[in-house]
Amino acid sequence: MSLRDEIEQFIYREARLMDQHRFEDWEALWTDDGVYWVPCAHDGEPDTDVAIIYADRTAITRRLLRMKSNAMFIQDPRSVVARLVGNVEIDPTGDDTALVYSSFNITEFRRRGHKTWLRTWAGRSEHQLRRQDGSWKMAFKKVLLVNSDGELPALGFLV
């Protein structure tokens, strides 16, 4: 399999795991020093600017535990989501590392009693991937929501 095929399959698999709320499998895609960042500003810095999500490896685990529990009321019942990922660009940065850019469009269906919502979330992702023990892992993921510096409803699923 070519490098492009390997990395695209990794990105598509990650999207499927998020859509299916397979939290343990998604968590296994991370390196031990991974960082997950969803900034408020498109030109922000993770160490100095406000973020929608900023999670090191420990915080990723805590976030997933909340998502799996009944403590996340915004996701009771859990949203149904489907995402399209495209415009995948791969920049190999070393023998076992790559920087990957992609765009996404997520459709979310949420129900609360008799009320329902259908929302669209769109943006771009940057993945810093590292090959460990023959598999690609995420060392860093940055998600730039198109409307990240505007009013956002509660984000109770993985982006």
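Quick caveat, the model's predicted, so the values are computed rather than measured. (Residues numbered from 1 in each chain as written. Predicted model: local features only at pLDDT ≥ 70, side-chain atom pairs only at ≥ 80, totals over all residues. Heavy atoms only, no water.)

Q: So what's going on with the pairing of strand β4 (residues 97–112)? Which residues, and what values?
A: Sheet topology note: the strand β3 (residues 80–94)/β4 ladder contains 12 bridges and is antiparallel. Bridging across to β4, Gly94 finds its partner in Thr97. Between β3 and β4, which follow one another and run antiparallel, lie 2 residues. Of the pairings in the sheet, the one linking β4 to strand β5 (residues 115–132) comprises 16 bridges and is antiparallel in character. (Pairing = 2+ DSSP bridges. Helix = DSSP H or I, 4+ residues; strand = E, 2+ residues; numbered from the N terminus.)

Q: Quick one: what's the story with the pattern of salt bridges, residue by residue and with numbers?
A: Throughout the structure, instances matching the rule amount to 10 salt bridges. One salt bridge connects Arg131 with Asp96, and the closest N-O pair in it is separated by 3.4 Å. Here Arg131 is found in strand β5, whereas its partner Asp96 is found in the loop between β3 and β4, with 35 residues between them in sequence. Residue Arg131 is classed as partly exposed on the basis of its relative accessible area, which comes to 25%. (Salt bridge = Lys/Arg side-chain N within 4 Å of Asp/Glu carboxyl O. Buried < 20%, exposed > 50% of the residue type's maximum accessible area, 1.4 Å probe, protein only.)

Q: Go over a negative patch on the surface with me, naming the residues and quoting the values.
A: Taken together, the side chains of Asp43, Glu45, Asp47 and Asp49 make up a negatively charged region of the molecular surface. Counting through the fold element by element, Asp43 comes out in the loop between β1 (30–39) and β2 (51–56). With a relative accessible area of 67%, Asp43 lands in the exposed category. (Patch = residues over 30% accessible without salt bridge, like charges linked within 9 Å, V, L, I, M, F, W, Y side chains within 5 Å. Areas by Shrake-Rupley, 256 points an atom, 1.4 Å probe, with all protein chains shown as cover. Lys, Arg positive; Asp, Glu negative; His and termini not counted. Charge placed at Lys NZ, Arg CZ, Asp CG, Glu CD.)

Note that every value here comes from positions in space, so none of it alone points to a role or purpose.
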